[in-house]
Amino acid sequence: MLLSLSTSSFKHAITDGPLKLRKKDNLPLLDVNVKRIGDVARKSIPLLGSASSYDTAWVGMVSSPNSSEPEPLFPECLKWIMENQHPDGSWALYPSHPLLIKNSLSSTLACLLSLHKWNLAPQLVHTGLDFIGSNLWAATDTRQRSPMGFDIIFPGMIHQAIDLGINLPFNHSSIHNMLSNPHLHITSLEEGKTSHLAYFAEGLNRLNDWNQLLKYQRTNGSLFNSPSTTAAAAIHIRDEKCLHYLKSLIKQFDNGAVPTLYPLDVNTRISIIDSLEKFGIHRHFSDEITNLLDDTYRSWMQGNEEIFLDPGSCAMAFRLLRKHGYDISSDSLAEFEKKEIFYHSSSANSAHESDTKSILELYKASQMKILQNEPVLDRIYGWTSIFLRDQLVKGLIENKSLYEEVNFALGHPYANLDRLEIRSYIENYNPHDVPLLKTSYRSSNIDNRDLLTIASRDFNMCQALHREELDYLDRWVKEYKLDTLKFARQKTAYGFFTIAAILSDPQHSDARISWAQNTGFVTIVDDFFDYDGSMEELHNLIDLLHKWDDHLTVGFKSEKVEIIFNAMYGTINELAAKAKLQQGRCVRSHLINLWILVTKNMLKEAEWARYNVVPTMYEYLAAGHVSIGLGVVLLIALYFMGSQLSEDVVASQEYNSIYLHVSIIGRLLNDRVTVKRESAEGKLNGVSLLMEHGRGDVDEETSMKEVERLIESHKRELLRLVVKKKEGSVVPKGCKDLAWGLSKVLHLAYMDDDGFTCPVKMVNATNAIINQPLL
């Protein structure tokens, strides 16, 4: 009996209690309470960032505007600082992390400045200075992970400490180069090369007009949603909006500590959707994700600053909203067309980790092109792909998880099979990884270890089911003697890999079986029509398909025809019976007609080849997009996707356009990589056909470019239909997503060569998806 874990039971576990996988599933018992994930998604609890000693220290330096004598406006911040020094004398979120000593240095120095300003806790200040003196080496160590702006902020704070007369426990010559940073001497923030420095204003000691910062002020009163930048401005100019923002922080975080970024609501909730999809467990949170997307769309349409002022958030929101059918324009990404918008990114050599993440998001967003003319996405794709490739080649991405994510994204453009991407993400995900802005931070609401654990178990559970389905298919091949057809490539298992790579949900077992069986049939019949069958046998098979239940009146011209037809007859009838149970109507005639259409067009191509007929490009594609057989593979499987497909839907323009575009993509992708082999075999090919009709004026390079243009055009139109919102679409979303998944399979199979005919490169992928469990 096939393994299963229903969506409803998983959902109950997610929202109401611990999940326990059964022992018979061959997986260890698992108790993971992830109720919090669902609560965060439903906004049952607020999203709060971790306490930042660095930002709390800067807020603690703000003076009260209503006092005749200098006194702190936020004494609760100072109280928190005095109560939260670590035993080694430092302040930081992760004090013992061996690669975050720079983070501890900047946080500790900020706390010392704050305490010293108000003449508080001299013993804590002394202990903190000892920590800085003992660990100053890390300030110039390139192996250390660096908070954003460290080379500006840390030396800037050292200058402030010197001006305040703090006796620093080191020789200034030891960090002379850092203290000589020309950015420290910036006096004006006019538009131009220095405008990005505004985010690090607390490190710019010589700024002569702090009011310049207010051009970056957000509607909530903050500067960049950064408590430290906002506090630095409030120290110098007493802006009421800045003070109001800081007061609201203290009210929100009543323990006296503030986070390094606030608010983080929109960004974090977008990231929740992205994480659930990357981990492959999004299907268990469909309602929550819909609610989050609706909220994100409202924020997008309202021009929410949290989205549009951050490149990574904007790109991720754009990608997710487009992917899920929300009507948004790519014009909103226009200000990110060039890499110079990033704080650090004047060159690939200086990119900060957070910049690289944002650039990766822009790269992914640029592939969501659904209109003919979206130059913004073209330009973003151009520079981000170059930038990220440079980062990889030069070894500039030190974070292993990020490195692998970038490497996978660049290596699989439009060919990122879901299960391969999910496996790669799970294997390289580090739940203890520390995100860095000006300082380290984390969400206090979600434990990444829960996500990782449940994703790993879910992946292995689906994989165990896939192996049972593959065993069933192996028995099916032998039962119908398909393995005795020595002329034919045996591609049933390969076909199963292609569907398991994009459709893993346990409830879609029948769809996977149907897909694999029809892939096997397409390959056998194609080889029969191309190489082994006589014209009499080919006509015989088509006649048998036409007669179907009355096929005995036709008879068999050979044993090979008998084996092929009997296998198709028994299997299609069985699939039709299963589909009737799901659809509530008989679809057998449609399944049979799909096969008749495929074989008729295969016959037409066989006749062209045998009688040396050269069709027009239109005639070639009209037959070729059908003969490639993707129709019987995809369209029959759609009946098992859990949605009702009425006769009106099957006859609709949308349904047939989806089939047309994915089939032409498949045909031309195949032609692009097989032109030399098929030309040598005397077979028709779109690339060579364009050259032949060009009568010497069209060379292979020009013909290849035209094929590429056609592929891109049909890919764009397919994606436009796939992401079309439910209100304007008759084809269910799950069915459209499967069609898009097929296009990604095709891009991978025909990325460099014919991966279908010679699938050596696909062996590792097959093992990763079906045979090798996650540890």
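On a predicted model such as this, the values are computed, not experimentally measured, just so you know. Numbers given to residues run from 1 along each chain, matching the order in which its sequence is written. Residue-level local features of this predicted model are given only where pLDDT is at least 70; pairs of side-chain atoms are given and counted only at 80 or more, and the full residue set underlies all totals for whole chains, interfaces and linings. Side-chain numbers come from the whole structure's heavy atoms, not from hydrogens or water.

A. Structural detail: the overall build of the chain. Summing up its helical and strand segments, the chain has 32 helices and zero strands in all. A buried classification covers 58% of the 775 residues belonging to the chain. Residues are treated as being in contact if the distance between any of their heavy atoms lies within 4.5 Å. The long-range share in the chain, meaning contacts at least 24 apart out of those at least 6 apart in sequence, stands at 71%. Using a 1.4 Å probe, accessible areas were evaluated by the Shrake-Rupley method; residue-level cover was limited to the displayed protein chains. Here the chain displays about 32,400 Å² of accessible surface, and carbon together with sulfur accounts for 51% of that area. Here a helix means four or more residues in a row that DSSP labels H or I, a strand means two or more in a row labelled E, and each is numbered from the N terminus. Three exposure classes are used, based on accessible area relative to the maximum for each residue type with a 1.4 Å probe and protein chains only: buried under 20%, partly exposed in between, and exposed over 50%.

B. Spotlight on the packing of helix H19 (residues 448-479) against helix H32 (residues 763-771). Fitting a line to C-alpha atoms yields each axis, with helices limited to the stretch in contact; the angle taken between N-to-C directions then spans 0 to 180 degrees. At a minimum axis distance of 8 Å, the contact between H19 and H32 shows a crossing angle of 105°. When the interaxial angle is binned, H19 and H32 end up roughly perpendicular. Note on element contacts: H32 touches H19 through Asn767, Ala768, Ile769, Ile770 and Asn771, opposite Phe459, Gln463, His466, Arg467 and Leu470. Working rule for angles: under 35 degrees goes down as roughly parallel, over 145 as roughly antiparallel, 65 to 115 as roughly perpendicular, anything else as oblique.

C. Region of the structure containing the environment of isoleucine 162. Secondary-structure assignment places isoleucine 162 in helix H7 (residues 150-163). Using a relative accessible area of 32% as the deciding quantity, one classes isoleucine 162 as partly exposed. Among residues more than four places away in sequence, those in contact with isoleucine 162 are Leu168 and His172.

D. Quick look at the confidence of the model for the chain. A residue's pLDDT is the confidence the predictor assigns to it, expressed on a 0 to 100 scale. The pLDDT averaged across the chain works out to 87; a share of 90% of its residues lies at or above 70. Of the regions scoring below 50 in pLDDT, residues 1-34 engages in 66 contacts with residues more than four places distant in sequence or in other chains. Scored below 50 in pLDDT, residues 343-349 shows 29 contacts in the model against residues more than four places distant or in partner chains.

E. Fine view of the packing of helix H24 (residues 588-610) against helix H25 (residues 617-627). Interhelical geometry of H24 versus H25 gives an angle of 130° and a closest axis separation of 8 Å. In terms of orientation, H24 lies oblique with respect to H25. Two packed elements cross with a definite hand, and for H24 against H25 that hand is left-handed. Facing Leu597, Val598, Asn601, Met602, Lys604, Glu605 and Trp608 of H24, the residues of H25 in contact are Glu619, Tyr620, Ala622, Ala623, Gly624, Val626 and Ser627. Charged residues are taken to be Asp, Glu, Lys and Arg, nonpolar residues to be Ala, Val, Leu, Ile, Met, Phe, Trp, Tyr, Cys and Pro, and polar residues to be all remaining types, Gly included. Class assignment of the residues belonging to the contact of H24 with H25 gives a composition of eight nonpolar, three polar and three charged. Definitions for this section: a left-handed crossing has its near helix turned counterclockwise from the far helix by less than a right angle. A right-handed crossing has that turn clockwise.

F. Main features of the environment of glutamine 644. Counting through the fold element by element, glutamine 644 comes out in the loop between helix H26 (630-638) and helix H27 (647-650). Separated by 87 residues in the primary sequence, glutamine 644 and valine 731 place their C-alpha atoms 9.3 Å from one another. Residues within four places of glutamine 644 in sequence aside, it is in contact with Gln582, Gln583 and Pro732. Polar contacts, as used here, are pairs of N or O atoms within 3.5 Å; protein pairs need one atom able to donate a hydrogen and one able to accept it. Residues neighboring in sequence count only if both atoms are side-chain atoms. Within the structure, the side chain of glutamine 644 is placed 2.7 Å from the backbone oxygen of glutamine 582, a separation counted as a polar contact.

G. Spatial organisation of the packing of aromatic side chains. Ring geometry is summarised as follows: Phe, Tyr and Trp rings, the Trp one being its six-membered ring, pair when their centres sit within 6.5 Å, and such pairs are stacked at plane angles under 30 degrees, edge-to-face over 60 and tilted between the two. In the structure shown here, the tally under the stated rule is 22 aromatic pairs. Charge-over-ring contacts are defined here by two conditions on Lys NZ or Arg CZ: a distance within 6 Å of the ring centre and an angle within 35 degrees of the ring normal. Looking at lysine 438, its charged tip hangs above the ring of tyrosine 199, at a distance of 4.4 Å from the centre.

H. Highlighting the pattern of salt bridges. Just to be clear on terms, a salt bridge is a Lys or Arg side-chain nitrogen sitting within 4 Å of an Asp or Glu carboxyl oxygen. For the coordinates displayed, the defined rule picks out 35 salt bridges. For arginine 283, the salt bridge identified is with aspartate 505, shortest N-O distance 3.8 Å. Residue arginine 283 is found in the loop between helix H11 (265-278) and helix H12 (286-301), and its partner aspartate 505 is found in the loop between helix H20 (492-500) and helix H21 (509-532); the two are separated by 222 residues along the sequence. Taking the relative accessible area as the measure of exposure, aspartate 505 reaches 10% and is therefore buried. Here glutamate 361 and arginine 319 are joined by a salt bridge, their closest N and O atoms 3.0 Å apart. Here glutamate 361 is found in helix H15 (residues 353-365), whereas its partner arginine 319 is found in helix H14 (residues 311-323), with 42 residues between them in sequence. Comparing glutamate 361 with arginine 319 shows no difference in burial state: the two are buried. The structure contains a network of salt bridges with shared partners spanning Asp274, Lys278, Arg319, Glu361, Lys364 and Glu405.

I. Layout of the nonpolar core. Of all hydrophobic cores here, the largest spans 165 residues; its most connected members are Leu482, Trp595 and Leu738. Excluding residues that lie within four positions of it along the chain, leucine 482 makes contacts with Trp476, Val477, Gln490, Phe521, Ile524, Ile563 and Ala567. Residues grouped as a nonpolar core are buried Ala, Val, Leu, Ile, Met, Phe, Trp, Tyr and Cys residues, joined through side-chain atoms within 4.5 Å. Residues Ala139, Phe150, Ala161 and Leu184 belong to the second largest nonpolar core, which totals 74 residues.

J. Representation of the environment of serine 226 in the model. Relative to the assigned elements, serine 226 resides in the loop between helix H8 (176-179) and helix H9 (227-237). Counting along the chain gives 27 residues from serine 226 to tyrosine 199, while the straight-line C-alpha distance between them is 8.0 Å. The residues touching serine 226, leaving out its near neighbours within four places in the chain, are Asp55, Tyr199, Tyr245, Thr260 and Lys438. For serine 226, the side chain forms a polar contact with the side chain of threonine 229, separated by 3.0 Å.

K. Summary view of helix H30 (residues 700-722). Given a rise of 1.5 Å per residue, 23 residues ought to cover 33 Å, and the 32 Å separating the end C-alpha atoms of H30 matches this to within 8%. What H30 keeps buried is the set Ser703, Met704, Val707, Leu710, Ile711, His714, Lys715, Arg716, Leu718, Leu719, Leu721 and Val722. On its buried face, H30 is in contact with helix H28 (653-680), helix H29 (686-693) and helix H31 (733-749). Multiplying 1.5 Å by the helix residue count minus one yields the expected span of that helix.

L. Highlighting the side chain of threonine 229. Along the chain, the position of threonine 229 falls in helix H9. Residue contacts for threonine 229: discarding those within four places in its chain leaves Ala198, Tyr199, Ala201, Glu202, Leu223, Phe224 and Lys438.

M. Representation of unusual backbone geometry within the structure. Cis geometry marks the peptide bond from tyrosine 262 to proline 263, where omega comes out at 0°. Of note in the backbone geometry, lysine 481 takes a positive phi value of approximately 60° without being a glycine. When you line up the elements, lysine 481 lands in the loop between H19 and H20.

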